[in-house]
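Notes for the structure review
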Amino acid sequence: MSEFVEYLHEVFERFGPIRIRKMFGGYGVYHGGLMFGLVAEDTLYLKADAGNAGFFEKEHLEQFEYDKGGRTIRMSYYQAPDGIMDDRELAAIWARRSFEAALRSQAPKRISKKRRGAVG
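Residues numbered from 1 in each chain as written. Predicted model: local features only at pLDDT ≥ 70, side-chain atom pairs only at ≥ 80, totals over all residues. Heavy atoms only, no water.

1. Remarks on helix H1 (residues 3–11)
For H1, the set of buried residues is Val-5, Leu-8 and Val-11. Buried positions in H1, seen along its axis, are confined to an arc of 95° and lie on one side of it. (Buried < 20%, exposed > 50% of the residue type's maximum accessible area, 1.4 Å probe, protein only. Helix = DSSP H or I, 4+ residues; strand = E, 2+ residues; numbered from the N terminus. Arc of directions from axis to C-beta.)

2. Re the pairing of strand S4 (residues 43–47)
The two faces of a sheet get side chains in turn, since along a regular strand they alternate between them. A large share of S4 lies buried, amounting to 4 of its 5 residues. Direction of pairing for strand S3 (residues 34–40) relative to S4: antiparallel, over a ladder of 4 bridges. Looking at S4, one finds that Gly-37 is bridged to Leu-46. Counting the residues in the hairpin turn of S3 and S4 gives 2 residues, including Glu-41, whose phi is positive at 50°. Judged from the 3 bridges that link them, S4 and strand S6 (residues 71–79) form a sheet pairing that is antiparallel. Within S6, the position partnered with Tyr-45 by the bridge is Gln-79. (Pairing = 2+ DSSP bridges.)

3. Quick look at the sheet that holds S6
In spatial order, the strands read S1-S2-S3-S4-S6-S5; together these 6 strands make up an open sheet with antiparallel pairing. Each edge of the open sheet carries a strand with a single partner, namely strand S1 (19–23) and strand S5 (63–68). Ignoring which end each strand starts from, the neighbouring axes of this sheet average 40° apart. The sheet contacts of helix H3 (residues 88–106) involve strand S2 (26–31), S3 and S4, and relative to S3 the element is tilted by about 120°. (Axes fitted to C-alpha atoms, helices over the stretch in contact; angles between N-to-C directions. Contact = heavy atoms within 4.5 Å.)

4. Notes on the nonpolar core
Among the nonpolar cores identified, the biggest contains 28 residues, and Leu-8, Phe-12, Phe-36, Leu-44, Leu-46 and Ile-84 are the most heavily contacted of them. When residues of this core are traced back to their parent elements, those giving at least two are H1, S2, S3, S4, helix H2 (53–58) and H3. The greatest single-element share of this core, amounting to 6 residues, is contributed by H3. Grouped together as the second largest cluster of nonpolar side chains are 7 residues, Ala-40, Tyr-45, Phe-64 and Tyr-77 included. (Core = buried A, V, L, I, M, F, W, Y, C linked by side-chain atoms within 4.5 Å.)

5. Notes on the layout of surface pockets
Taken as a whole, the largest pocket encloses approximately 310 Å³ of empty space. Along the walls of the largest pocket sit 14 residues, with Phe-24, Leu-38, Ala-40, Phe-64 and Tyr-66 positioned nearest its centre. Those elements giving two or more residues to the lining of the largest pocket turn out to be S2, S3, S4 and S5. Sort the elements by how many residues they give to the lining of the largest pocket and S3 lands first, with 3 residues. (1 Å grid on protein atoms, 1.4 Å probe; cavity = no way out; pocket = protein on both sides within 12 Å on 5 of 7 lines; lining within 4 Å. Points joined across faces, edges and corners; volume = space filled by probe spheres on them.)

Here it is, written out as structure tokens:
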């Protein structure tokens, strides 16, 4: 692992323990078994959804994207603000928001009537 990736343990020490796993040429950043961040080319991205994407957009942070067969694929992760690398309290706030987005993405999906076998 790069020094950058190892350093994330310190960055998120006030948030809580994290686990980092290699994946697809980068790394997934996990807390409580849920991925709330990813690292690509030594850049940290944090999980976003409708509940917290506004914080990233307000800071003009870039959404993670990659090319797949000539198409640009955007994922629900945004670049983390630079300030969190040196401010543990700020890192904990951003990590908490992203972890909550990861939790929301795990919420049970409603099953439609059609899938339950109900008749119109």
